[in-house]
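What follows is each chain in one-letter form.
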2 protein chains.
Amino acid sequence: MLTLYFTPGTCALASHIALEEAGAEYAIRRVNFASEEQRQAPYLEINPKGRVPALVTDRGILTETPAILAFIAQSYPAAHLAPLDDAFAFAEVQAFNAYLCATVHVAHAHRMRGRRWTDDEAAIEALKRGVPRSVGSCFALIDTTLFRGPWVMGEAYSICDPYLFTLSQWLEADGVDLAAFPRVLDHRTRMAERAAVVRALAAERAPAT
Amino acid sequence: MLTLYFTPGTCALASHIALEEAGAEYAIRRVNFASEEQRQAPYLEINPKGRVPALVTDRGILTETPAILAFIAQSYPAAHLAPLDDAFAFAEVQAFNAYLCATVHVAHAHRMRGRRWTDDEAAIEALKRGVPRSVGSCFALIDTTLFRGPWVMGEAYSICDPYLFTLSQWLEADGVDLAAFPRVLDHRTRMAERAAVVRALAAERAPAT
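A brief look at the structure comes next. Every value quoted in this text rests on a predicted model; they were computed, and no experiment measured them. (Residues numbered from 1 in each chain as written. Chains lettered and ligands numbered in written order. Predicted model: local features only at pLDDT ≥ 70, side-chain atom pairs only at ≥ 80, totals over all residues. Heavy atoms only, no water.)

Turning next to the pairing of strand E2 (residues 26–30) of chain A. All names here are of chain A. Bridging between strand E1 (residues 2–6) and E2 involves five bridges; their strand directions are parallel. Pairing of Leu4 across the sheet is with Ile28, part of E2. Of the crossover connections in this fold, the one passing from E1 over helix H1 (residues 12–22) to the parallel E2 is right-handed. (Pairing = 2+ DSSP bridges. Helix = DSSP H or I, 4+ residues; strand = E, 2+ residues; numbered from the N terminus. Right-handed = clockwise from strand over helix to strand, strands pointing away.)

Here the focus is the interface of chain B and chain A. Contact with chain B, which involves 48 residues of that partner, is made by 48 residues of chain A. Buried area between chain B and chain A, summed over both chains or domains, comes out near 3700 Å², and the portion from carbon and sulfur atoms is 65%. Looking at the side of chain B facing chain A, the largest losses of area belong to B:Arg59, B:Phe88 and B:Trp117, adding up to 18% of the total buried there. For the interface between chain B and chain A, the tally reads four salt bridges. B:Arg129 is the partner of A:Asp120 in a salt bridge, and the nearest nitrogen-oxygen pair spans 3.5 Å. Where chain B touches chain A, the interface holds ten residue pairs in polar contact (both at pLDDT 80 or more). Among the elements of the structure, strand E4 (61–63), helix H3 (65–75), helix H4 (87–112) and helix H5 (121–146) of chain B are those that each provide at least two residues to the side of chain B that touches chain A. The element best represented in the side of chain B that touches chain A is H4(B), accounting for 16 residues. (Contact = heavy atoms within 4.5 Å. Buried area = accessible area lost by both parts, 1.4 Å probe. Salt bridge = Lys/Arg side-chain N within 4 Å of Asp/Glu carboxyl O. Polar contact = N/O pair within 3.5 Å; in protein donor to acceptor, adjacent residues only side chain to side chain.)

Tracing the chain through its elements places A:His187 in helix H7 (residues 182–192). With near-sequence residues (within four places) excluded, A:His187 lies in contact with A:Phe147, A:Pro150, A:Trp151, A:Val152, A:Asp161, A:Leu164 and A:Phe165.

Time to look at the packing of helix H4 (residues 87–112) of chain A against helix H6 (residues 160–168) of chain A. Residues and elements named next belong to chain A. The N-to-C vectors of H4 and H6 enclose an angle of 20°; their axes lie 10 Å apart at closest approach. In terms of orientation, H4 and H6 fall into the roughly parallel class. Crossing angle aside, the handedness with which H4 passes H6 is left-handed. Between H4 and H6, the residues in contact are Val93, Phe96, Asn97, Leu100, Cys101, Val104 and His105 and Cys160, Tyr163, Leu164 and Leu167, respectively. By residue class, the composition of the contact of H4 with H6 is nine nonpolar, two polar and no charged. (Axes fitted to C-alpha atoms, helices over the stretch in contact; angles between N-to-C directions. Parallel < 35°, antiparallel > 145°, perpendicular 65-115°, else oblique. Left-handed = near helix turned anticlockwise from the far one by under 90°. Nonpolar A, V, L, I, M, F, W, Y, C, P; charged D, E, K, R; others polar.)

Let us now look at the packing of aromatic side chains. A full pass over the atoms with the stated rule returns eight aromatic pairs over all chains. Centroid distance A:Phe71 to B:Phe88: 6.2 Å. Interplanar angle 85°. Geometry classified as edge-to-face. Note that A:Phe71 is positioned in helix H3 (residues 65–75) and B:Phe88 in helix H4, a pairing that runs across two chains. B:Phe88 shares its class with A:Phe71; the two are buried. Aromatic side chains A:Phe139 and A:Phe181 sit 6.3 Å apart centroid to centroid with 40° between the ring planes, which places their arrangement in the tilted category. Within this pair, whereas A:Phe139 is found in helix H5 (residues 121–146), its partner A:Phe181 is found in the loop between H6 and H7, the two being separated by 42 residues in sequence. As far as the burial class goes, A:Phe139 and A:Phe181 line up, both buried. For A:Arg194, the ring lying beneath its charged end belongs to A:Trp151, and the centroid distance is 5.2 Å. Seen from the ring of A:Tyr157, A:Arg194 lies directly overhead, with NZ or CZ sitting 3.6 Å from the centre. (Phe/Tyr/Trp six-rings, centres within 6.5 Å; stacked < 30°, edge-to-face > 60°. Buried < 20%, exposed > 50% of the residue type's maximum accessible area, 1.4 Å probe, protein only. Lys NZ or Arg CZ within 6 Å of the ring centre and 35° of its normal.)

Okay, structure coming up:
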């Protein structure tokens, strides 16, 4: 049995959608960022980094979206969420997800999480102002170059798709004009109609229990 | 045949060491950051992100250190560089590498690459000042919690080890006191003695051809 620790509106949505796509049996547990639950001892026992997602398994706890996504793909091979029998194609999937994790998500994080890197208030404000440019340039590269269509990796839907969908949720709040990225926008629209996405978003939005 | 595009002193060293550990046949090609070769058209054809490493293969080009490391491990299974038959253990390896890529390397990058996120000169200086704290807190977590010993993942050497070694090369320049992290320091010392590491470092330091 799996339990996904998540917070609505975070990158945990990618793993949540992937679990739905995989047909996994799992539970979800909400982590309350408003009360800083992620920085308190009980949650730090689960993820000492104080972040979401964390996936509790019978074997132990996994963190980091790219690792969790690949784990889901490998654990539910019948769902065909990654090219598991082709090391090169699998590496292409992983490279795209690493870019989302280490460059795109990081660019976005400078809007709300500047304190990770500085305690200078003026610098934190400057980082916020930089987000439309830095996030915009990431999505320009995705739209023009990395995205193959109709899915991220081409004909085959993969664990890249829920991850891109998740990060593309943030574009408006990041001050990026989505109209500049028609392929990402079309992908986001099609993703939002998938049953797995509808279910994951509805579960995120349900009252906390 | 593989060709690794690298620049001395960058995270490309991790992939370079892994290729040596795997016994791979490969060539290396130096990218000259001093002349900004990474931002010029010929190199952008190889990696449109303008970064190293890039691994040219017969199938196409791979980027992103965690993806390249897993590709090497999967392509050379006899080298036992990752637990390929155990999705959970493989995900633990990937989670550690994702942390190095998206949190540790990113913290370090605020010393030299602040311009990625802001063009405000005072903010760029503030980001530099924040590096000892942010990088230091990452290595504190690694030293106390994530690192199992004697290798990152415990008894088995893996693709986590060259990556941690590579990032731990930067600690002094980042203003972090290594004495606070005895396990990382011991790991770095033992890694530096491995034949694969000696060979990769010697090749990086050889005159450019």
